[in-house]
Amino acid sequence: MFNTRRDILTGLSALSLGACATTPLGSVERAGVGQATNGGGDLFTLGVASGDPVSDGFVLWTRLAPLPLQANGGMQEPTRVAWQVAEDERFSRVIRAGETVATSEWAHSVHIEVSGLQPLRPYFYRFIANGQTSPVGRAKTAPTFGSSVASLRMGIATCQHFEQGFFNCYNDMVAQDPDLVLHMGDYIYEASWGPQVRRQASAEAVTLADYRIIHAQYKTDKALQAAHAAAPWIMIWDDHEVVNDYAGLNDENYMPREEFRARRNAAYKAYYEHMPVRLRSKPHGDHMRLYDYFHYGNLATIALTDGRQYRDDQACQTPDDGGAQMVNCPELNDPTRSMFGKEQERWLMPSFARSGATWEMLAQPTLFSRLNQTNRAGEAASWSDGWDGYPATRQMLLDAVAQRKPKNFVSLGGDMHSWWQADLKLDYDDMNSQTVGTEFVTTSTTAHSYAYGRFSRMLPNNPHIHFFDDRARGYTLIDLTPERMTVKFQEVDNVYSPTAPTKTRKTYVVESGVPKANEV
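These numbers come from a predicted model, not from an experiment.

So what's going on with the overall build of the protein chain? Residues and values would help.
Along the backbone of the protein chain there are 8 helices and 25 strands. The C-alpha radius of gyration computed for the protein chain amounts to 23 Å, which stays within 12% of the reference 24 Å derived for 520 residues, consistent with globular compactness. When the backbone C-alpha atoms are referred to their principal axes, the protein chain occupies close to 70 × 50 × 40 Å. Taken across its 520 residues, the protein chain has 60% of its residues classed as buried. Once local pairs closer than 6 in sequence are excluded, the contacts in the protein chain between residues at least 24 apart make up 71%. With the model as given, the accessible surface of the protein chain reaches about 18900 Å², and the carbon-plus-sulfur share is 50%. Within the protein chain, the 60 negative side-chain charges are centred at a point lying 5 Å from the centre of the 50 positive side-chain charges.

In structure tokens form, the structure reads like this:
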């Protein structure tokens with residue numbers, strides 16, 4: 001059994017060179033490839049990761065970066081990298097192995113798609129380059145599609161700003177031994193803002209070099225490395241992987257279209273270089289495909305959506321502000337405006353109930369439920385960057401759920417730097433209308449919020465929202481069985497110490513077949 005506390009939390013120590021005897025290193029260390037001109041030091045400063053598990057495999061990731069705060073990571077020449085997958089953490093039973101070449105074109109990152117493994121079991125993996133061995137990671141395959149599954153434990157995180165705190169909630173997440181980690185977006189923040197516990201390497205990312213440095217700096221956080229090494233991850237993104245409030249190829253500060261296109265392409269490329277995503281997600285031109293389904297036997301299906309790349313621009317913009325605002329204008333209700341874009345809508349809408357899974361989850365970046373609120377003049381208004389700014393897409397989704405009737409429908413969100421729990425209503429103008437699902441929004445890993453009083457005053461006008469709190473940082477832990485979903489809001493004591501303790505703030509149970517979360 002993999003001892004997460006020993007092998008991950010307390011050091012992620014690599015195996016000794018003597019443990020590499022199962023792999024012939026001669027093929028990795030051939031002269032002339034990555035030996036003379038690359039930077040010295042530890043090649044694996046950014047750790048290792050796995051992602052997108054399926055029933056016979058998963059993606060393995062690392063990036064060679066002996067000098068992680070340099071844009072090239074301290075690497076120049078192509079470098080051969082060997083990889084191994086074993087049934088045991090001592091690598092006495094290596095069952096898959098291979099070799100690839102890491103190049104400067106993709107920042108010496110490595111993406112390996114492993115296949116041919118057994119379903120629903122853990123495996124151990126590592127990389128070897130230039131005589132160095134990486135830390136050991138553990139990945140777990142998914143069950144076969146439609147097969148009976150007893151349980152799934154999943155950690156959910158979002159909104160991690162390097163400057164505003166240590167990513168210490170991952171310490172507790174790793175200790176909980178999840179089968180899977182779902183990241184809801186804002187994995188990095190492109191700009192410096194807010195209270196500073198430590199300094200971000202770039203005040204604002206614009207170029208590929210900027211984004212590479214920020215991604216690498218975030219990956220040096222030891223708790224984040226531990227979480228990546230402990231379990232496979234699935235991912236969606238939000239705005240700060242590129243820039244605040246961007247929509248498609250539109251920038252909130254009206255950056256010229258071609259300049260912003262170059263900036264977004266740079267951000268997408270750096271994101272791919274630093275995430276355990278499949279080769280099909282490699283950016284091509286202006287596009288990077290992330291939206292997809294994740295299936296876990298007959299227990300769960302998660303629709304992983306992209307709420308940024310394809311969306312229409314925010315409604316009701318002004319000459320001075322091309323980003324999010326409190327608005328009320330006819331454009332808001334234009335039925336042709338979309339959060340997801342028409343192609344992604346066509347992919348998503350017919351999918352509800354198609355897998356037959358007990359739990360169907362929509363992973364999208366933010367609060368899905370309507371939030372009835374007013375502007376400073378006391379007039380009803382909507383936040384244009386959230387789902388209230390795209391009501392036609394939301395209603396289309398709710399109508400599809402009501403029509404297709406999945407067994408249990410749950411929306412999962414992030415972005416808000418706060419926890420939320422709400423009922424999903426078919427018609428938000430009629431609070432007596434059908435409740436078609438349940439919603440949970442995860443608070444931020446570190447990114448701060450200062451809106452407790454303002455949002456709390458809104459709750460009486462939002463009877464479908466049962467809980468809100470933006471005063472604490474943390475993550476969400478979900479346990480699924482065929483009978484129920486148990487959701488725990490895990491709160492860290494503070495984000496100013498790398499080892500701050502974590503406690504359970506709230507626990508909810510959703511019984512299968514009943515679209516209602518009950519606090520326990």
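With reference to specific residues and values, describe helix H4 (residues 222–230).
For H4, a buried count of 8 out of 9 residues is recorded, marking the element as mostly surrounded by other parts of the structure. Within the sequence span of H4, burial applies to Ala 223, Leu 224, Gln 225, Ala 226, Ala 227, His 228, Ala 229 and Ala 230. The opening residue of H4 is Asp 221, an N-cap whose side-chain oxygen sits 3.1 Å from the backbone nitrogen of Ala 223.

Quick one: what's the story with the sheet that holds strand S16 (residues 373–374), residue by residue and with numbers?
Across the sheet, which stays open at both edges, the 3 strands sit in the order S14-S17-S16 with antiparallel pairing between neighbours. With partners counted over all chains shown, the strands left at the sheet margins are strand S14 (326–327) and S16, one partner each. Where S16 and strand S17 (residues 380–383) come together, 2 bridges link them in antiparallel fashion. What sits directly across from Thr 374, in S17, is Ala 380.

Which residues make up the state of the cysteines, and what values go with them?
Note on terminology: disulfide describes a covalent bond linking the sulfur atoms of two cysteines. In total, this model carries 1 disulfide according to the counting rule given. There is a disulfide in this structure between Cys 316 and Cys 329, and the S-S distance comes to 1.6 Å. Classification of the bridge connecting Cys 316 and Cys 329 rests on its S-S torsion, roughly -60 degrees, and on that basis the disulfide is left-handed. Within this pair, whereas Cys 316 is found in the loop between strand S13 (300–304) and S14, its partner Cys 329 is found in the loop between S14 and helix H6 (342–348), the two being separated by 13 residues in sequence. As far as burial versus exposure is concerned, Cys 316 and Cys 329 are alike and both buried.

Residue-level account of the side chain of Glu 360, with values.
Looking at the secondary structure, you find Glu 360 in strand S15 (residues 359–363). The buried charged residue Glu 360 lacks any salt bridge partner; its closest oppositely charged side chain belongs to Arg 404, at an N-O distance of 7.5 Å. Of note is the side chain of Glu 360, whose polar atom sits 2.7 Å from the backbone nitrogen of Ala 353. Discounting residues that sit within four places of it in the chain, Glu 360 has contacts with Thr 301, Ser 351, Phe 352, Ala 353, Arg 354, Ser 355, Pro 406, Asn 408, Phe 409 and Val 410.

Outline the nonpolar core, supporting the account with residue identities and numerical values.
If you look at the biggest cluster of nonpolar residues, it comprises 46 residues, and the most contacted ones within it are Tyr 170, Tyr 211, Trp 233 and Val 242. Looking at this core, the elements that each hand over two or more residues are helix H2 (169–175), helix H3 (208–219), H4, strand S11 (233–235), helix H5 (257–274) and strand S22 (474–480). A total of 7 residues in this core trace back to one element, the largest contributor, which is H5. If we ignore the near neighbours within four places in the chain, the residues touching Trp 233 are Ser 50, Gly 51, Asp 52, Pro 53, Tyr 170, Val 181, His 183, Tyr 187, Leu 224, Ala 227 and His 228. Among the nonpolar cores identified, the runner-up in size contains 33 residues, and Ile 236, Ala 300, Ala 363 and Phe 489 belong to it.

Residue-level account of the pairing of strand S12 (residues 292–296), with values.
By the criterion of burial, S12 is predominantly enclosed, with 4 of the 5 residues buried. Here S12 pairs with S13 via 5 bridges, running antiparallel. Residue pairing for S13: Asp 292 is matched across the bridge by Leu 304. Connecting S12 to the next strand, S13, in antiparallel fashion are 3 residues, including Gly 297 with a positive phi near 55 degrees.

An account of the pattern of salt bridges is needed here, citing residue identities and associated values.
Under the criterion given, the structure shown has 28 salt bridges. Two residues, Arg 308 and Asp 385, come together in a salt bridge whose shortest N-O distance is 2.6 Å. Pair noted here: Arg 308 is in the loop between S13 and S14 and Asp 385 is in the loop between S17 and helix H7 (391–404), with a separation of 77 residues, a long-range link. Given a relative accessible area of 1%, Arg 308 falls into the buried group. One salt bridge in this structure joins Arg 471 and Asp 469, with 2.9 Å as the shortest N-O distance.

Give me the side chain of Glu 273: which residues, what numbers.
Checked against the element boundaries, Glu 273 lands in helix H5. Judged by relative accessible area, which is 0%, Glu 273 ranks as buried. Dropping the residues within four chain positions of it, Glu 273 is found in contact with Trp 61, Glu 105, Trp 106, Ala 107, Ser 109, His 111, Leu 208 and Arg 212.

Before we move on, could you go through the pairing of strand S1 (residues 48–54) and cite the residues and values that matter?
Looking along a regular strand, one sees side chains alternate from face to face of the sheet. A large share of S1 lies buried, amounting to 6 of its 7 residues. Direction of pairing for S1 relative to strand S2 (residues 57–63): antiparallel, over a ladder of 5 bridges. From the neighbouring strand, Gly 51 faces S2, where its bridge partner is Val 59. Adjacent in sequence and paired antiparallel, S1 and S2 are bridged by 2 residues.

I'd like a rundown of the sheet that holds S13, residues and numbers included.
Strands sit in the order S12-S13-S15-S18-S20-S19-S21 across an open sheet of 7 strands; the sheet is mixed. Either end of the sheet is taken by a strand with one partner, and the two such strands are S12 and strand S21 (465–469). Averaged over all neighbouring strand pairs, the angle between strand axes comes to 20 degrees, with direction disregarded. Summarising the sheet, strand S19 (residues 419–425) and strand S20 (residues 435–441) pair through 6 bridges and their orientation is antiparallel. Considered in S20, the bridge of Lys 425 is made with Thr 435. Sheet strands touched by H7: S15, strand S18 (409–413), S19 and S20. Its angle to S20, the strand with the most contacts, is close to 125 degrees.

For the packing of H3 against H5, give the residues involved together with the corresponding values.
Their axes nearest at 8 Å, the elements H3 and H5 cross at an angle of 30 degrees. As H3 runs across H5, the sense of the crossing is right-handed. Taken together, the residues of H5 that come into contact with H3 (itself represented by Leu 208, Tyr 211, Arg 212, His 215, Ala 216 and Lys 219) are Arg 263, Ala 266, Ala 267, Lys 269, Ala 270, Tyr 271, Glu 273 and His 274. Residues of the contact of H3 with H5, tallied by class, amount to 7 nonpolar, 2 polar and 5 charged.

Calculation criteria
- Along each chain, numbering runs from 1 in the same order as the chain's sequence is written.
- Local features are withheld for residues below a pLDDT of 70 in this predicted model, meaning they are given only at 70 or higher, and side-chain atom pairs are given and counted only at 80 or more; totals for whole chains, interfaces and linings count all residues.
- Hydrogen atoms and water are omitted, and side-chain values are computed over all heavy atoms in the structure.
- Helix numbers and strand numbers start at the N terminus; a helix is a DSSP run of H or I with at least 4 residues, a strand a run of E with at least 2.
- Note on method: radius of gyration uses C-alpha positions; expected globular size equals 2.2 Å times residues raised to 0.38.
- The classification of residues rests on relative accessible area computed with a 1.4 Å probe and restricted to protein chains. Under 20% of the type maximum is buried, over 50% is exposed, and intermediate values are partly exposed.
- Only heavy atoms enter the contact rule, under which two residues are in contact if any of them lie within 4.5 Å.
- Using a 1.4 Å probe, accessible areas were evaluated by the Shrake-Rupley method; residue-level cover was limited to the displayed protein chains.
- In this tally Asp and Glu are treated as negative and Lys and Arg as positive; neither His nor the chain ends contributes.
- To locate a charge, take NZ of a lysine, CZ of an arginine, CG of an aspartate or CD of a glutamate.
- Two N or O atoms form a polar contact when they lie within 3.5 Å of each other; inside protein one atom must be a possible hydrogen donor and the other a possible acceptor, and for residues adjacent in sequence the pair counts only when both atoms belong to side chains.
- At least two DSSP bridges between two strands are needed for those strands to be called paired.
- The disulfide definition used here is simple: a pair of cysteine sulfur atoms within 2.5 Å.
- Whenever Lys or Arg places a side-chain nitrogen within 4 Å of a carboxyl oxygen from Asp or Glu, that contact is recorded as a salt bridge.
- We define the nonpolar core as a collection of buried residues of types Ala, Val, Leu, Ile, Met, Phe, Trp, Tyr and Cys that are connected through side-chain atoms lying within 4.5 Å of one another.
- Only C-alpha atoms enter the line fits that serve as axes; for helices the fit covers just the stretch in contact. Angles between N-to-C directions range over 0 to 180 degrees.
- Crossing handedness follows the turn of the near helix against the far one: under a right angle anticlockwise gives a left-handed crossing, and clockwise gives a right-handed one.
- Each residue gets one label: Ala, Val, Leu, Ile, Met, Phe, Trp, Tyr, Cys and Pro are nonpolar, Asp, Glu, Lys and Arg are charged, and the others, such as Gly, are polar.

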